[in-house]
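Structural overview
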Amino acid sequence: MVLALTVCGIVVALVVVGLFVFGLRRRLIQRSGGTFDCSLRWDVPEAGDPGGKGWAYGVARYNGDRVEWFRVFSYAPRPRRVLERSAIEVTGRRLPEGEEELALLSDAVVLACLHRGTRVELAMSEDALTGFLAWLEAAPPGQRVNVA
């Protein structure tokens, strides 16, 4: 009986510590400011897939001329993807279709981009999209930025 209670206590303590570390990591990512909720789908097929597969929920952070994207459900301290402003080409925007509506946040807008030849889709709120497009257009003089 004592062994079972000890094991249960250890399991509960590990779950609490794990949740605390998730919260601490997100707080550290957001500490420098310039963050927004952003789902990402990397290496999207040419025809697109409105089936809702491949989306990963995350937090994006502006860092100079880069956007760093972190998975929400990860302990990694480093960004999973980094998008350079000069390498992003916006190819279109649309509302979520089909099962995507269930996979993404309710107010999301999908932005289709090319990043160094790789098709990427970002899903974010309308406000975050406005800020993202303004950030792209505010590139320093001499940098090529393509916004459709």
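All residue numbers refer to positions counted from 1 along the written sequence of the respective chain. The model is predicted, so local features are restricted to residues of pLDDT at least 70 and side-chain atom pairs to those at 80 or more, both for listing and for counting; the totals for chains, interfaces and linings are taken over all residues. Only hydrogens and water are removed before side-chain values are computed, so all heavy atoms of the structure are retained for them.

The protein appears in an unreviewed UniProt entry as DUF2550 domain-containing protein from Streptomyces prasinosporus.

With that out of the way, let us pick up the overall build of the protein. A run of H or I in DSSP counts as a helix once it spans at least four residues, and a run of E counts as a strand once it spans at least two, with each numbered from the N terminus. Tallying secondary structure elements over the protein gives three helices and eight strands in all. Reading the helices (α) and strands (β) of the protein from amino to carboxyl end gives α-β-β-β-β-β-β-α-β-β-α. Seen along its three principal axes, the alpha-carbon backbone of the protein occupies a region of about 70 × 35 × 25 Å. Under the scheme applied here, a residue whose accessible area is under 20% of the maximum for its type counts as buried, over 50% as exposed, and between as partly exposed, the area being computed with a 1.4 Å probe on protein chains only. Looking at the protein as a whole, 34% of its 148 residues qualify as buried. Reported accessibility uses the Shrake-Rupley method at a 1.4 Å probe radius. Residues are deemed covered only where the shown protein chains occlude them. Accessible surface for the protein amounts to roughly 9000 Å². Of this, 59% is attributable to carbon and sulfur atoms. Counted as positive: Lys and Arg. Counted as negative: Asp and Glu, with His and the chain ends omitted from the count. Here the site of a charge means atom NZ of a Lys, CZ of an Arg, CG of an Asp or CD of a Glu. Positive and negative side-chain charges of the protein, numbering 18 and 17 respectively, have mean locations separated by a distance of 10 Å.

What follows concerns the packing of aromatic side chains. In this analysis, rings of Phe, Tyr and Trp, with Trp reduced to its six-membered ring, are considered paired at centre separations within 6.5 Å, and the interplanar angle assigns stacked below 30 degrees, edge-to-face beyond 60, and tilted for intermediate values. Taken as a whole and judged by the stated rule, the model has three aromatic pairs. Look at phenylalanine 132 and tryptophan 135: their rings are 5.8 Å apart centre to centre, the planes differ by 35°, and that puts the pair in the tilted class. Of this pair, phenylalanine 132 and tryptophan 135 both sit in helix α3 (residues 126–137), three residues apart, which is roughly one turn of the helix. On the accessibility criterion, phenylalanine 132 (1% relative accessible area) is buried. Three or more aromatic residues joined by ring pairs make a cluster, and in this case those are Phe36, Tyr62, Phe132 and Trp135. Counted as over-ring charges are cases with an Arg CZ or a Lys NZ within 6 Å of the ring centre that also lie within 35 degrees of the ring normal. Across the ring face of tryptophan 42, the terminal group of arginine 81 is positioned such that the distance to the ring centre comes to 4.2 Å.

Between any two strands, at least two bridges found by DSSP are needed for them to pair. Pairing is antiparallel in the open sheet, where four strands are placed in the order β1-β3-β4-β5. For this open sheet the edge positions go to β1 (35–37) and β5 (81–84), each flanked by a neighbour on one side alone. Mean inter-strand twist for the sheet, computed between neighbouring axes without regard to direction, equals 20°. Taken together, the four bridges between strand β4 (residues 66–71) and β5 define a ladder with antiparallel strand orientation. If you follow arginine 66 over to β5, its bridge partner there is glutamate 84. Here a residue-residue contact requires only that any non-hydrogen atoms of the pair lie within 4.5 Å. Lines are fitted to the C-alpha atoms to define the axes, a helix being fitted only along its stretch in contact, and any angle between axes, read from their N-to-C directions, falls within 0 to 180 degrees. Sitting on the sheet, helix α1 (residues 2–30) touches β1, β3 (58–63) and β4, and the angle it makes with β3 is about 25°. Strands β1, β3, β4 and β5 of the sheet are contacted by α3, whose axis makes an angle of about 30° with β3.

Here we come to the environment of arginine 93. You can see arginine 93 is positioned in strand β6 (residues 88–94). Sequence separation between arginine 93 and glycine 23 is 70 residues, and the spatial gap between their C-alpha atoms is 31 Å. When neighbours within four sequence positions are excluded, arginine 93 is seen to be in contact with Val109, Val110, Leu111, Glu126, Leu129 and Leu133. N or O atoms closer than or at 3.5 Å make up a polar contact, with two conditions inside protein: a donor-capable atom paired with an acceptor-capable one, and, for residues adjacent in sequence, both atoms drawn from side chains. Engagement of the side chain of arginine 93 in a polar contact is seen with the side chain of glutamate 126, the distance being 2.8 Å.

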